[in-house]
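Close look at the chain arrangement
Below are the chains, spelled out letter by letter.
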Amino acid sequence: MLQIDCPYCGARAQSEFSYERTLDSIVTVEMPANEAVRRLYARANPRGFDDELWRHAFGCRQWLVLRRHRQTHEITSVAAFDPALHR
Amino acid sequence: MKRYSALALLKAGLTGQRGWEQAWRDPEPKKSYDIIIIGGGGHGLATAYYLAKVHGLRNIAVLEKGWIGGGNTGRNTTIVRSNYRQKPLHDLFDFALDLWEGMSDALNFNVMFSPRGALFLGHSDGDMTVLAQRGDALRCDGIDADLLTRAQVQKLVPLLDMAPDARFPIHGGLIQRRGGTARHDAVAWGYARAADALGVDVIQKCEVTGFAMTGGRVSGVATTRGPIAAGRVGICVAGNSGPVAAFAGLQLPIEAQTLQAFVTEPVKPMIDTVIMSQSLHCYISQSDKGGIVLGGDPDQFPSYAQRGLPPRIEKAAAEAIALVPALSRLRMVRCWAGTTDMSFDGSPILSALPVDGLYLNGGWCYGGFKATPASGWCYAHVLATGDNHPLAAPFAFDRFVRGATIDEAGVGVLPQLR
Ligand SMILES: Cc1cc2nc3c(=O)[nH]c(=O)nc-3n(C[C@H](O)[C@H](O)[C@H](O)COP(=O)(O)OP(=O)(O)OC[C@H]3O[C@@H](n4cnc5c(N)ncnc54)[C@H](O)[C@@H]3O)c2cc1C
Ligand SMILES: [Zn+2]
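For clarity, every value in this text was computed on a predicted model and none was experimentally measured.

**Side note on the coordination of the zinc ion (ligand 2)**
Residues and elements named next belong to chain A. The zinc ion (ligand 2) binds to the protein through C6 (SG), C9 (SG), H56 (ND1) and C60 (SG); the donor distances cover 2.0 to 2.3 Å. Geometry at the zinc ion (ligand 2) is tetrahedral, judged from the four donor atoms that bind it and their angles of 103 to 114° at the metal. Between the donor residues of the zinc ion (ligand 2), the gaps in sequence give the motif C-x2-C-x46-H-x3-C. When its relative accessible area of 3% is taken as the criterion, C6 is described as buried.

In structure tokens, the structure reads:
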């Protein structure tokens, strides 16, 4: 199991967290339809690092941004999610 | 190809089992093929076989980066059934079931297809309503489905915990009697041997690392064994669909996730049907060797690791033991994981891609083994003719943009919710 270092709670077991989606697939209300469709249905899905939106669902319930390697599971950063930065 | 038969076995038995020929060749890649299939899993090998058998094509190669059947084909829990709720799905999977029934004969290879019945358990009135609706939908389309009472389920699987205070009370079930299991490796080997006999080159230890493009069209592949030209190229790499499509600059509605399974020590026959609970997401069957094969949820976040989280195994084991308490006495001997190609509506993608000459067969999620023959049949059709087979037409790549998704679970774009 992974250990995720929540910026609010400290290091916790991965089973407290849930994965939501990649950072580049967030859809906003004002987005044009073709861009929304692209963000919903096109994924890089790399065999390497990606930026992901997670939630400390069974902890503080905050949204988090993880940079994680999808083959080695290495996590290089866990940051608080700032909605203003990600539209 | 020397045919396998009871007589051949008897003869070989009397002569020390010598004289068996190699089941398929180990050819060097040629400079060029009419059709190249990337991925030597069951789906890729079945595709090659039907291209040769049904469409009469001969100049075909299957390129496999490891060994054939070493991907999800050789890692799955081998449940075969066609009882999906939606018409495009159950039509496709039922065509597969028809082909399963004749597969051992057609391939002259015993795939040990065992139609022992596939049973869904209902744990509540709500579950029973859903199962009845599904059964009705299936019967309207001529697919076998029987709603079972609690007593009928108990008779079928006497080891289930039917106590009134059971952790997961059992109200009844829905069974597809034509469903069952098959020997996963044999499916890969049987298709490989039959395709090889028809002239298909099955090339192992040959990883595709890029595409050659000529005038906007795919004209071949780059591999770890050098470049190979091709008229058409079919991707058939399950969990690796994203990275391979990326060689052509494409992004897919697919995310790779880990799915695990595990098996107990072998015991005498104790469960002679496939038991599934879709409310719990737990499935139980007994292999012909006697091991109880169990599976549960995917890891629910993207991963190519081919190794999974212990809590998933724990949960599936806890559910299985609650359903069949006798399982608590058995030791788990192995667990493993595969990388599944989770599509964004839970259904496969089987069609041309928006790059000329390039095709995709992927997005089978955790349920593509049962589809193997139909998937190969339909993929061969589109690769040979350029047109989608009618059964595969609903599964075209552009359905997401058209809003024509086929979402059995009704959960939308987040695969981890499936
Ligand atoms: C644990 C588990 C349990 C499952 N249980 C069931 C079940 O009970 N019933 C069911 O119907 N389905 C089940 N599935 C799903 C099923 O296994 C798959 O949908 C199906 O086997 C996929 O077959 P395939 O031939 O498409 O893929 P695979 O067998 O994975 O074949 C793809 C091949 O492509 C190769 N490859 C990848 N990249 C490259 C490259 N760049 N170049 C060359 N080759 C490449 C891989 O090495 C691999 O051999 C399960 C899956 C898992 C992991
Ligand atoms: Zn927290």
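Following the structure, the description resumes.
**Concerning the sheet that holds strand β13 (residues 274-277) of chain B**
Residue and element names in this part refer to chain B. Taken in spatial order, the eight strands line up as β5-β6-β4-β13-β14-β15-β12-β16 in an open sheet, and their pairing is mixed. Looking along the sheet, the strands with just one partner apiece sit at the ends: β5 (146-149) and β16 (332-343). Strand after strand, the sheet turns through a mean of 25° between neighbouring axes, direction not considered. The pairing of strand β4 (residues 118-122) with β13 spans three bridges and is parallel. Paired with A118 across the bridge in β13 is V274.

**Some remarks on the layout of surface pockets**
All names here are of chain B. Taken as a whole, the second largest pocket encloses approximately 610 Å³ of empty space. Secondary structure elements with two or more residues in the lining of the second largest pocket: α6 (184-197), β12 (254-264), β14 (282-286) and β16. Here the element with the most residues in the lining of the second largest pocket is β16; it accounts for three residues. Partitioned by chemical class, the residues of the lining of the second largest pocket number seven nonpolar, 11 polar and seven charged. Among the domains, domain 1 (27-82 + 84-109 + 184-253 + 345-417) and domain 2 (118-180 + 256-341) are the pair contributing at least three residues each to the lining of the second largest pocket.

**A few points about the domain arrangement of chain B**
Residues and elements named next belong to chain B. Considered domain by domain, chain B is made up of domain 1 (27-82 + 84-109 + 184-253 + 345-417) and domain 2 (118-180 + 256-341). Spacing between the C-alpha centres of domain 1 and domain 2 amounts to 27 Å. The interface of domain 1 with domain 2 comprises 30 residues on the first partner and 33 residues on the second. For the pair domain 1 and domain 2, the two sides together bury roughly 2,500 Å², of which 52% comes from carbon and sulfur. Inspection of the region where domain 1 meets domain 2 yields four salt bridges. For the pair domain 1 and domain 2, the interface holds 13 residue pairs in polar contact (both at pLDDT 80 or more). Breaking the side of domain 1 that touches domain 2 down by element, the ones donating at least two residues are β3 (79-80), α3 (87-107) and α7 (241-246). Tallying contributions element by element places α3 first for the side of domain 1 that touches domain 2, with seven residues. Classifying every residue of the side of domain 1 that touches domain 2 by side-chain character gives 10 nonpolar, 11 polar and nine charged.

**Observations concerning the site of ligand 1**
All names here are of chain B. The environment of ligand 1 is made up of 37 residues, and the closest members are E64, N72, T73, T77 and K370. Within the backbone of Y366, a nitrogen or oxygen atom sits 3.0 Å from a nitrogen atom of ligand 1. Backbone polar atom of K370 to an oxygen atom of ligand 1: 2.8 Å apart, as the coordinates give it. The protein chains hide 97% of the 1,000 Å² of surface that ligand 1 would expose on its own. For the shell around ligand 1, the element with the most residues is β12, which contributes three residues. In terms of residue class, the shell around ligand 1 is made up of 15 nonpolar, 17 polar and five charged.

What counts and what doesn't
- Residues numbered from 1 in each chain as written.
- Chains lettered and ligands numbered in written order.
- Predicted model: local features only at pLDDT ≥ 70, side-chain atom pairs only at ≥ 80, totals over all residues.
- Heavy atoms only, no water.
- Donors = N, O, S within 2.8 Å, 3.2 Å for Na, K, Ca; no water.
- Tetrahedral: all angles 85-135°; square planar, octahedral: opposite > 155°, others 65-115°.
- Buried < 20%, exposed > 50% of the residue type's maximum accessible area, 1.4 Å probe, protein only.
- Pairing = 2+ DSSP bridges.
- Helix = DSSP H or I, 4+ residues; strand = E, 2+ residues; numbered from the N terminus.
- Axes fitted to C-alpha atoms, helices over the stretch in contact; angles between N-to-C directions.
- 1 Å grid on protein atoms, 1.4 Å probe; cavity = no way out; pocket = protein on both sides within 12 Å on 5 of 7 lines; lining within 4 Å.
- Points joined across faces, edges and corners; volume = space filled by probe spheres on them.
- Nonpolar A, V, L, I, M, F, W, Y, C, P; charged D, E, K, R; others polar.
- Domains from an automatic or database assignment.
- Contact = heavy atoms within 4.5 Å.
- Buried area = accessible area lost by both parts, 1.4 Å probe.
- Salt bridge = Lys/Arg side-chain N within 4 Å of Asp/Glu carboxyl O.
- Polar contact = N/O pair within 3.5 Å; in protein donor to acceptor, adjacent residues only side chain to side chain.
- Near = heavy atom within 4 Å.
- Areas by Shrake-Rupley, 256 points an atom, 1.4 Å probe, with all protein chains shown as cover.

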